[in-house]
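Analysis of the macromolecular model
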Amino acid sequence: MTDRRVTPDPAHVTLDITAQITVPVADLRQSPAGPRDRQVLFGERINILGRMENHSLIRAQKDGYCGWVSDIALGSVHPVTHRVTSRATHVYAEANFKSPDLMHVGFGAGLNVVAETATFVETPQGFVPRQHVRPAEARATDPATIAELFLGVPYLWGGNAHLGIDCSGLVQAACLACGIACPGDSDQQEKQLGVTLPPGSALQRNDVIFWKGHVALVLDKDTLIHANAGHMLVTTEPITDALARIEMQGDGVPTEFKRLEVPT
């Protein structure tokens, strides 16, 4: 059986057009009117595979995930020179924080910087504080630090953004920021991320714990961070407490412990 997340129905695949996300965040849906699977962010490049009902079937270039996005979220391709590295930022009408804010974008958004001042970068959409961006080729070195940027963000099933995120969205954001290829859903991540730890291995920062349908990132030998429906937000939690709570609520014991291979 094919996986619709990476192999969409061939009957709907009639195009191959490169485009870009032009809204802060857009839902990636199972069908034009269907539920959200994941989200795509401002500046992300995608391939349009087909069109139906004012929606486009797309493949996200960051991870190959396929789904339907409203056509109002799509535009032509422009260079991505910088990415947002704060949890979120505003785009201002002028290089002045007292000027009107025109839109907001979140962590990982791709920007086309055309000029810079001492305190702002200029994009076609407006001005962004330069403290909140880094060149697109820059890579973080610690996934756990990236995950901690999202502490307190509300849990959102299928979420990938600062407005709401789920367990696999958090892990993906942390990994991609560090140059680690990472798929979108936790079952895909369990298959593709890192190396499996032998039973009884001591855990360390940036290890990943998988359950059926859930994933968490280790901060230290005693603590993890995860977006979870138990707390309905991104939170840290003692590992022993999380293991007991998740098993007690009927979601079982971990299926795998893995160690990320973090580029240096």
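In this report, the structure presented in the accompanying data block is examined. The structure displayed is predicted, hence computed values, not measured ones. (Residues numbered from 1 in each chain as written. Predicted model: local features only at pLDDT ≥ 70, side-chain atom pairs only at ≥ 80, totals over all residues. Heavy atoms only, no water.)

1. Topic: the overall build of the protein
So the rule is basically this: Note on conventions: DSSP H or I runs of at least 4 residues are helices, E runs of at least 2 residues are strands, and numbering of each starts at the N terminus. Restricting the calculation to C-alpha atoms gives the radius of gyration, and the globule rule supplies 2.2 Å times the number of residues raised to the power 0.38. Exposure categories follow from relative accessible area, calculated using a 1.4 Å probe and restricted to protein chains: below 20% of the type maximum is buried, above 50% is exposed, and the middle band is partly exposed. Here the open area of atoms and residues is found with the Shrake-Rupley method and a 1.4 Å probe, where only the protein chains shown may cover a residue. Neither His nor the chain termini are counted; the positive set is Lys and Arg, and the negative set is Asp and Glu. Lysine's charge is taken at NZ, arginine's at CZ, aspartate's at CG and glutamate's at CD.
Within the protein, the secondary structure is distributed over four helices and 23 strands. Expected size for 264 residues packed as a compact globule is a radius of gyration near 18 Å; at 19 Å, the protein falls within 12% of this value. Across the 264 residues of the protein, 48% fall into the buried class. Surface exposure of the protein reaches about 12500 Å², of which carbon and sulfur atoms provide 55%. A distance of 2 Å separates the average location of the 22 positive side-chain charges in the protein from that of its 29 negative side-chain charges.

2. Brief notes about the side chain of threonine 235
This is how the line gets drawn: In this description, contact between two residues means that some pair of their heavy atoms is separated by no more than 4.5 Å.
Along the polypeptide, threonine 235 turns up in strand E22 (residues 233-238). Exposure remark for threonine 235: the relative accessible area of 15% places this residue in the buried category. Residue contacts for threonine 235: discarding those within four places in its chain leaves Leu151, Leu224, Ile225, His226 and Asn228.

3. A few points about the nonpolar core
Spelled out, the test is: What is meant by a nonpolar core is a set of buried Ala, Val, Leu, Ile, Met, Phe, Trp, Tyr and Cys residues, joined one to another through side-chain atoms within 4.5 Å.
With 28 residues, the main nonpolar core has Phe150, Leu217 and Val234 as its most contacted residues. When residues of this core are traced back to their parent elements, those giving at least two are helix H1 (143-148), helix H2 (167-177), strand E19 (207-211), strand E20 (214-220) and strand E21 (223-228). In terms of residue count, H2 provides more of this core than any other element does, seven residues in total. For leucine 217, the residues in contact, after removing those within four places along its chain, are Pro143, Ala144, Ala147, Ala174, Asn206, Asp207, Val208, Leu224, Ile225 and Leu260.

4. Topic: the sheet that holds E22
Just so we agree on the cut-off: One requirement defines pairing of two strands: DSSP has to find at least two bridges between them. In this analysis, axes come from line fits to C-alpha atoms, helices being fitted only over the stretch in contact, and the angle between any two N-to-C directions falls in the range 0 to 180 degrees.
Strand order in the open sheet formed by six strands is E18-E23-E19-E20-E21-E22, with antiparallel pairing between adjacent strands. In this open sheet, the two edge strands, each paired with only one partner strand, are strand E18 (195-196) and E22. With four bridges joining them, E19 and E20 adopt antiparallel strand pairing. Paired with tryptophan 211 across the bridge in E20 is histidine 214. Its contacts with the sheet place H2 against E20, E21 and E22, and it is angled at close to 50° to E20. Strands E19, E20, E21 and E22 of the sheet are contacted by helix H4 (residues 239-251), whose axis makes an angle of about 115° with E22.

5. Points about unusual backbone geometry
Of note in this structure, asparagine 54 is not a glycine but carries a positive phi near 60°. Of note in this structure, asparagine 206 is not a glycine but carries a positive phi near 75°. Take asparagine 206: it is sitting in the loop between E18 and E19. A residue is classified by how much of its surface remains accessible, and asparagine 206, at 9% relative accessible area, is buried.

6. Describing the state of the cysteines
The cut-off we apply is this: Any two cysteine sulfur atoms within 2.5 Å of one another count as a disulfide.
In the structure shown here, the tally under the stated rule is zero disulfides. In this structure cysteine 175 is not part of a disulfide, and its nearest cysteine sulfur, from cysteine 182, lies 4.3 Å away. By relative accessible area, which is 1% here, cysteine 175 ends up buried.

7. Observations regarding the sheet that holds strand E8 (residues 82-84)
Each strand in a sheet pairs with its neighbour through backbone hydrogen bonds, running either in the same direction (parallel) or in the opposite one (antiparallel). With antiparallel pairing, the three strands of this open sheet are ordered in space as E11-E8-E15. Two strands lie at the open edges of the sheet, namely strand E11 (110-111) and strand E15 (133-135), each paired on one side alone.

8. Quick look at the pairing of strand E1 (residues 17-21)
Bridge analysis of E1 against strand E4 (residues 45-52) gives four bridges, and the strand direction is antiparallel. Residue pairing in the sheet places glutamine 20 in a bridge with arginine 45 of E4. Sheet topology places E1 next to strand E7 (residues 74-75); two bridges connect them, and they run antiparallel. Among the inter-strand pairings, isoleucine 21 is bridged to a residue of E7, identified as leucine 74.

9. Side note on the packing of aromatic side chains
Applicable threshold: Aromatic contacts are taken between Phe, Tyr and Trp rings whose centres are within 6.5 Å, Trp giving its six-membered ring; a plane angle under 30 degrees counts as stacked, one over 60 as edge-to-face, and the others as tilted.
Counted according to the given criterion, the structure contains two aromatic pairs. Ring centres of tyrosine 92 and phenylalanine 120 lie 5.9 Å apart, and the angle between their planes is 90°; this geometry places the pair in the edge-to-face category. Taken together, the positions of tyrosine 92 in strand E9 (residues 88-92) and phenylalanine 120 in strand E13 (residues 120-123) put the pair 28 residues apart, joining distant regions of the chain. By relative accessible area, phenylalanine 120 is classed as buried at 6%. Ring geometry for phenylalanine 107 and phenylalanine 150: centres 5.8 Å apart, planes at 80°, overall edge-to-face. Pair noted here: phenylalanine 107 is in the loop between strand E10 (101-106) and E11 and phenylalanine 150 is in the loop between H1 and strand E16 (160-161), with a separation of 43 residues, a long-range link.

Remember, this is a structural readout, not a statement about activity or role.
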